[in-house]
Amino acid sequence: LRPLFGPDGQPLSVENAPTRVVEGPSVGSKLRSVVWRPSGDGFIFVALPPGGSGDQGGFGEPELWFASFDPQASGAAAEEPIVAERVVEATGRPLRLNSIRGSPARWHPDGRRLLL
């Protein structure tokens with residue numbers, strides 16, 4: 001994960017942008033459909049875990065993940081991995097995602113809720 005802008009709001013070049021590691025999805029997952037929270041302190045994304053078959057091209061069912069972090073962090077805190085959490089239904093079952101019309105989820109304008 002590389003931010004596009006620095007704390008001063010100025011664009012960062014790829015060479016100068018710090019890299020942040022995101023932990024959570026299975027190693028080897030393909031990440032898709034990254035959507036930033038309007039406040040810039042979090043994002044959602046779809047992970048395709050390895051090991052599926054058939055029409056998924058060798059990847060499992062799509063999973064929706066959420067990650068939150070402090071974009072103003074500096075020093076050692078800025079080097080800590082961002083820990084993502086899988087988004088599930090209230091019952092604990094995995095969400096069934098539908099991405100026929102683009103990203104399967106987006107942020108509500110208040111930035112606290114998701115529109116699925």
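The structure this text deals with has already been given above.
These numbers come from a predicted model, not from an experiment.

Thresholds, definitions, all that
Residues numbered from 1 in each chain as written. Predicted model: local features only at pLDDT ≥ 70, side-chain atom pairs only at ≥ 80, totals over all residues. Heavy atoms only, no water. Core = buried A, V, L, I, M, F, W, Y, C linked by side-chain atoms within 4.5 Å. Buried < 20%, exposed > 50% of the residue type's maximum accessible area, 1.4 Å probe, protein only. Helix = DSSP H or I, 4+ residues; strand = E, 2+ residues; numbered from the N terminus. Pairing = 2+ DSSP bridges. Salt bridge = Lys/Arg side-chain N within 4 Å of Asp/Glu carboxyl O. Phe/Tyr/Trp six-rings, centres within 6.5 Å; stacked < 30°, edge-to-face > 60°.

## Focus on the nonpolar core
In step 1: If you look at the biggest cluster of nonpolar residues, it comprises eight residues: Phe43, Phe45, Ala47, Trp65, Ala67, Phe69, Ile82 and Ala84.
In step 2: Among the secondary structure elements, those contributing two or more residues to this core are strand 3 (42–48), strand 4 (63–68) and strand 5 (82–86).
In step 3: Counting residues per element, this core draws most heavily on strand 3, which supplies three residues.
In step 4: Of all hydrophobic cores here, the second largest spans seven residues; its members include Leu64, Val87, Ala105 and Trp107.

## Considerations on the sheet that holds strand 2 (residues 30–36)
In step 1: Spatially, the five strands line up as an open sheet ordered 1-5-4-3-2, and their pairing is mixed. What marks the edges here is a single partner per strand, and that holds for strand 1 (22–23) and strand 2.
In step 2: Judged from the two bridges that link them, strand 1 and strand 5 form a sheet pairing that is parallel. Looking at the pairing, Val22 lines up with Ile82 of strand 5.

## Looking at the pairing of strand 5
In step 1: When strand 4 meets strand 5, the two strands line up antiparallel, connected through three bridges. Bridged to Phe66 within strand 5 is Glu85.

## Description of the pattern of salt bridges
Should the charged atoms of two oppositely charged side chains come close, the side chains can pair.
In step 1: A complete count under the given rule lists six salt bridges for this structure.
In step 2: Measuring nitrogen to oxygen at the nearest pair gives 3.4 Å for the salt bridge that ties Arg86 to Glu63. One end of the pair, Arg86, is in strand 5; the other, Glu63, is in strand 4, and 23 residues separate them in sequence.
In step 3: Residue class for Arg86 comes out partly exposed when judged on its relative accessible area of 34%.

## Remarks on the pairing of strand 3
In step 1: Across the seven residues that make up strand 3, a large majority, seven, are buried.
In step 2: Between strand 2 and the antiparallel strand that follows it, strand 3, lie five residues; Gly40 among them carries a positive phi value of about 80°.
In step 3: As paired elements, strand 3 and strand 4 share six bridges and run antiparallel to each other. Considered in strand 4, the bridge of Ile44 is made with Phe66.

## Focus: the packing of aromatic side chains
In step 1: In total, this model carries six aromatic pairs according to the counting rule given.
In step 2: Both rings, one in Trp36 and one in Phe43, keep their centres 5.0 Å apart while their planes meet at 55°; by these two values the pair is tilted.
In step 3: Look at Phe43 and you get buried, because its relative accessible area is 4%.
In step 4: Taken together, a centroid distance of 6.0 Å and an interplanar angle of 75° make the contact between Trp36 and Phe69 edge-to-face. Taken together, the residues span a long stretch of sequence, with Trp36 in strand 2 and Phe69 in the loop between strand 4 and helix 1 (76–79) at a distance of 33 residues.
In step 5: On the accessibility criterion, Trp36 (37% relative accessible area) is partly exposed.
In step 6: Clustering of aromatic rings is evident, with ring pairs tying together Trp36, Phe43, Phe45, Trp65 and Phe69.

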